[in-house]
Amino acid sequence: WRADISRQLAVSFQRETTALARIVLEMTPEEFFEANRLTMTRAQTEARRLCGDLEDTFGFPVVTPVGSSLDGPFLLIRLAERVLQQAGIEDGWQLAEFLLGGAGLETVAGPRMGLREPIVRINVDAPRIGTRKDPELLAEVFARLAALVQAVLDGDLTYRGLLHSIDSSSSVGPQHLDGPAPRDSAK
C-alpha cells in the first residue's frame with residue numbers, strides 16, 4: 001500500500017519550479033516563518049486543550065490527538081473505540097463521512113493519507129464549517145464533535161442511520177439549503 005500511496009503522491013518538479021520555490025524561501029524573512037510557527041503551535045495547543053475538555057466532559061478520552069507535532073496546521077484525531085463501535089464506524093472513510101453528515105465537519109479520511117485506522121485529519125489553523133474557513137471556528141468544531149458524540153452515546157445517531165436519513169431525504173426530491181423548495185407559480 002505504501003507503493004500505491006507513493007505513486008499517487010509523487011509530484012514531479014521542473015527545475016524552474018524548484019528554483020522559484022528556493023527563491024521564495026530565501027526571500028521570505030525569518031520573522032514570517034517564526035510568526036507562522038507560533039500561530040501553528042497556538043492552534044495545536046488549543047486543539048489539544050479542547051480534546052482534554054471533551055475528556056473532562058465525558059469522563060473518558062472521547063477525541064484523542066494522534067501524533068505529537070505542534071508545528072503544522074493539521075491534527076490527526078481518533079474517536080474513542082466505544083464511540084466508533086456504538087456508531088458502527090469501521091474505517092477512516094466512514095468516520096470522515098460520519099463527521100460531515102452528522103456534524104457538518106470537513107475532514108480528510110485517514111486512508112487518503114495511507115492510514116488504515118479510523119482516523120481523520122482536521123485543520124486546526126483554519127477549520128472550515130460550510131463555506132466559512134476561519135481560525136475562530138476551532139471551538140465550534142469541538143462543540144460539534146461533543147454534540148455528535150453525545151448523540152452516539154445516547155443511541156440517537158449511528159453511521160447506518162445517518163446514511164439512511166440522507167438516502168431518505170434525497171429520494172424525496174431536491175433539497176434546498178435555504179429553506180423549502182420554491183413553489184411552481186404555474187400551478
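Look up: the structure comes first, before these words.
Residues numbered from 1 in each chain as written. Predicted model: local features only at pLDDT ≥ 70, side-chain atom pairs only at ≥ 80, totals over all residues. Heavy atoms only, no water.

**Section: the overall build of the protein**
Each helix and strand in the protein was counted, giving 7 helices and 6 strands. Helices and strands appear in the protein in the N-to-C order α-α-α-β-β-α-α-β-β-β-β-α-α. Every one of the 187 residues in the protein was classed for burial, and the buried ones make up 30%. Summarising the internal contacts of the protein: among those between residues at least 6 apart in sequence, 59% fall at separations of at least 24. Total accessible area computed for the protein in this model is approximately 12300 Å², and 54% of it derives from carbon and sulfur atoms. (Helix = DSSP H or I, 4+ residues; strand = E, 2+ residues; numbered from the N terminus. Buried < 20%, exposed > 50% of the residue type's maximum accessible area, 1.4 Å probe, protein only. Contact = heavy atoms within 4.5 Å. Areas by Shrake-Rupley, 256 points an atom, 1.4 Å probe, with all protein chains shown as cover.)

**Focus on the side chain of Gln-44**
Within the secondary structure, Gln-44 sits in helix H3 (residues 30-58). The buried category is assigned to Gln-44, whose relative accessible area is 0%. Beyond its immediate chain neighbours, meaning those up to four positions away, Gln-44 contacts Ser-69, Leu-70, Asp-71, Gly-72, Pro-73, Phe-74, Leu-75 and Val-124.

**Let's talk about the sheet that holds strand E1 (residues 63-66)**
Judged by pairing direction, the sheet is antiparallel, and its 4 strands sit side by side in the order E1-E2-E4-E3 without closing on themselves. Pairing within the sheet leaves two strands with one partner each, and these edge strands are E1 and strand E3 (108-109). Relative to the sheet, helix H5 (residues 92-103) contacts strand E2 (74-79), E3 and strand E4 (119-123), its axis offset from that of E4 by approximately 45°. (Pairing = 2+ DSSP bridges. Axes fitted to C-alpha atoms, helices over the stretch in contact; angles between N-to-C directions.)

**As for the packing of H3 against helix H6 (residues 138-153)**
For any two helices packed against each other, the geometry comes down to the angle between their axes and how far apart the axes lie. Orientation of H3 relative to H6, taken along the N-to-C sense of each, is 25°, at an axis distance of 10 Å. The angle between the axes of H3 and H6 places the two elements in the roughly parallel class. Of the two possible hands of crossing, H3 and H6 adopt the one that is right-handed. Along the contact surface, H3 presents Ala-43, Glu-46, Ala-47, Leu-50, Cys-51, Leu-54 and Phe-58, while H6 presents Leu-138, Ala-139, Phe-142, Leu-145, Ala-146, Val-149, Gln-150 and Leu-153. (Parallel < 35°, antiparallel > 145°, perpendicular 65-115°, else oblique. Left-handed = near helix turned anticlockwise from the far one by under 90°.)

**Section: the nonpolar core**
With 42 residues, the main nonpolar core has Phe-58, Val-63, Val-83, Phe-98, Phe-142 and Leu-145 as its most contacted residues. At the level of elements, H3, E2, helix H4 (81-87), H5, E4, H6 and helix H7 (159-172) are the ones that each hand at least two residues to this core. Per element, the largest residue contribution to this core is 10 residues, and it comes from H6. Excluding residues that lie within four positions of it along the chain, Val-63 makes contacts with Cys-51, Leu-54, Ile-77, Arg-78, Leu-79, Phe-142 and Leu-145. (Core = buried A, V, L, I, M, F, W, Y, C linked by side-chain atoms within 4.5 Å.)

**Things to note about the packing of H5 against H6**
Remark: H5 packs on H6, axes separated minimally by 10 Å, with the N-to-C direction vectors making an angle of 100°. Taken together, H5 and H6 sit at an angle that is classed as roughly perpendicular. Contacts from Phe-98, Leu-99, Gly-102 and Ala-103 of H5 reach H6 at Arg-144, Leu-145, Leu-148 and Val-152. Looking at the contact of H5 with H6 residue by residue, the classes come out as 6 nonpolar, 1 polar and 1 charged. (Nonpolar A, V, L, I, M, F, W, Y, C, P; charged D, E, K, R; others polar.)

**Let's talk about the pattern of salt bridges**
Any two side chains of opposite charge can pair, given that their charged atoms come close. Under the defined criterion, the tally for this structure stands at 9 salt bridges. Glu-106 is paired through a salt bridge with Arg-128; the nearest N and O atoms lie 3.4 Å apart. Residue Glu-106 is located in the loop between H5 and E3, and its partner Arg-128 is located in strand E5 (residues 128-129); the two are separated by 22 residues in the primary sequence. Note on Glu-106: relative accessible area 42%, which makes it partly exposed. Close ionic contact of Arg-132 with Asp-134 constitutes a salt bridge, the shortest N to O distance being 3.1 Å. Note on Arg-132: relative accessible area 45%, which makes it partly exposed. Through salt bridges with shared partners, a single network forms among Glu-30, Glu-34 and Arg-37. (Salt bridge = Lys/Arg side-chain N within 4 Å of Asp/Glu carboxyl O.)

**Describing the packing of aromatic side chains**
Centre distance and the angle of the planes are the two values used to describe a pair of aromatic rings. If you walk through the whole model with that rule in mind, you get 1 aromatic pair. Taking the centre distance of 5.9 Å and the plane angle of 75° together, the rings of Phe-32 and Phe-33 count as edge-to-face. The exposure class assigned to Phe-33 is partly exposed, which follows from its relative accessible area of 23%. When the ring centre of Phe-74 is taken as reference, the NZ or CZ atom of Arg-121 above it lies at 4.0 Å. (Phe/Tyr/Trp six-rings, centres within 6.5 Å; stacked < 30°, edge-to-face > 60°. Lys NZ or Arg CZ within 6 Å of the ring centre and 35° of its normal.)

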